[in-house]
Amino acid sequence: MTPKAFIHVQHLLGTGHVVRAASIGRALVARGVQVTLASGNRIPPTLDTSALTIVELPACKSPDAAFKRLVTLDGEAIDEKWKSERVKASIQAFEDDDFDLLLTETYPFGRRQLDFELTPLLDHARAKTRPPVIATSIRDILVRKKELWKEQWMADQALKYYDRVLIHADPDFIQLGDSFPFADKVDHLVRYTGYVGGDRRTATDGPDGEDEVIISCGGGAVAEGLLSAALAAKPLSRRAEDTAWRILIGHDVQDDAYLEYRKSAPDGVFVERARRDFPELLKRARLSVSQAGYNTVLDVLIADIAAVFVPFSQENETEQTQRARALERHGRAVVLDEIHLSPERLAAAIDDALALPHHPHRVLLGGADRSADILLQDIDAKRGGHFDEHHQYRQSSADAPDRGS
């Protein structure tokens, strides 16, 4: 019997969560698993989900960086009726097949706003006659909470429901305990996978990216300050004024705002939408300027390029700053705090980054493949299957259906 996986993901502002979930899904498909990806927000058009069965749940997002409330994609506040419909949609999608794996992205180590939906889904999964392996997929760094009880709740929820905690990080670089005070409580569930990503390889024809300064902003929903400063910083730089600057604007930025950015671009600055070949552009570029989201930082590390990070830090966000500072300690980047951002300071940071000595850090990659292998081993342990030499799952004779004589 072919193993089947159900992945639940909710991205609220940036797109990193769904990018990681889809990467793990594709790695599972490559090992013979049928994968359903249930997404609670619109999937970005640059993301390859062709191998996955996509379920579009009633969609929501965060209206701002506070992450204190959820709204529909039209900006309407969600109510109890909407929540009820969302719970029904999730459970119905999970009931549409007999899944061997339920993987929740981030939850319960974040996305507590979705507890109204995910605790019923977890209860439903645990109550099945043949319950699935239940796992969570979390990034390298968690957002610290002001109230310690919220972090205690995360650990308790993991202990109550979960068989596995996958951490997509290099443990020689960052560990769970660096951003989670109850790491010891869930340590027996934890496996480090290495970073998920680095497999987005789209060939680029032509000279785009060659010796350029590449400014990127992920989805772009919280990058107005960075984009505005970048448009004015080029003539202020001593080390990068002589080359082309390319500003890539994510698809969360509305078309009218995008057109304004294009019209505001001075000579030598190209403004375009985010591209699938972004990792390849970086490999040919002189410098990267970006926020410090998980996927962007990973692409910068793989490209082995000088970098300036302007970590997103509005409200109580600490994750990007902690990641950026870790790279700065390794001599891999210059960090400019968002609160100090201006065209002059951005130009100075760019010059400082280009003057850094080269200190490569060989980060542990292959996180999607390693995640898939760990999850299949967990399914194997629960179901009694096995893997052949090609990492394809095979059911054991003891569990094979009786077809009669």
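Here's a quick rundown of the structure.

### What to know about the pairing of strand E8 (residues 213–216)
Covered by surrounding structure in E8 are Val213 and Ile215 together with Ile214 and Ser216, the residues of both alternating faces. In this structure, E8 lies alongside strand E9 (residues 245–249), joined through four bridges in parallel fashion. Each bridged residue has a counterpart across the sheet, and for Ser216 the counterpart in E9 is Leu248. For the crossover from E8 across helix H5 (residues 224–233) to E9, the handedness is right-handed. One ladder, built from three bridges, connects E8 with strand E11 (residues 287–290); its direction is parallel.

### Re the environment of Asp373
Tracing the chain through its elements places Asp373 in helix H11 (residues 367–383). Classification of Asp373 as partly exposed rests on a relative accessible area of 22%. There is a polar contact of 2.7 Å between the side chain of Asp373 and the side chain of Arg31.

### A look at the sheet that holds strand E6 (residues 164–167)
Strand order in the open sheet made by the seven strands is E3-E2-E1-E4-E5-E6-E7, with parallel pairing throughout. Of all strands in the sheet, those with a lone pairing partner are strand E3 (53–56) and strand E7 (190–192), marking the two edges. Across the sheet, the axes of successive neighbouring strands diverge by a mean angle of 20°, strand direction being ignored. For E6 and E7, the ladder comprises three bridges, and the chain directions are parallel. Bridged to Leu166 within E7 is Arg191.

### What to know about unusual backbone geometry
Here Tyr107 and Pro108 are connected by a cis peptide whose omega angle stands at 5°. Checked against the element boundaries, Pro108 lands in the loop between strand E4 (101–105) and helix H3 (115–126). Phi at Thr106 is positive, roughly 80°, even though this residue is not glycine. Tracing the backbone shows Thr106 in the loop between E4 and H3. The phi torsion at Asp211 lies on the positive side, around 60°, for a residue other than glycine. Residue placement: Asp211 occurs in the loop between E7 and E8. With a relative accessible area of 33%, Asp211 lands in the partly exposed category.

### A few points about the sheet that holds strand E12 (residues 306–309)
With parallel pairing, six strands are arranged side by side in an open sheet as E10-E9-E8-E11-E12-E13. Strands with a single pairing partner mark the edges of an open sheet, and in this sheet they are strand E10 (269–273) and strand E13 (334–335). Contacts between H5 and the sheet are confined to E8, E9, E10 and E11, with E9 contributing the most and set at about 165° to the helix. The sheet contacts of helix H6 (residues 255–264) involve E9 and E10, and relative to E10 the element is tilted by about 165°.

Parameters at a glance
- Residues numbered from 1 in each chain as written.
- Predicted model: local features only at pLDDT ≥ 70, side-chain atom pairs only at ≥ 80, totals over all residues.
- Heavy atoms only, no water.
- Buried < 20%, exposed > 50% of the residue type's maximum accessible area, 1.4 Å probe, protein only.
- Helix = DSSP H or I, 4+ residues; strand = E, 2+ residues; numbered from the N terminus.
- Pairing = 2+ DSSP bridges.
- Right-handed = clockwise from strand over helix to strand, strands pointing away.
- Polar contact = N/O pair within 3.5 Å; in protein donor to acceptor, adjacent residues only side chain to side chain.
- Axes fitted to C-alpha atoms, helices over the stretch in contact; angles between N-to-C directions.
- Contact = heavy atoms within 4.5 Å.

Taken by themselves, the reported measurements are silent on function.
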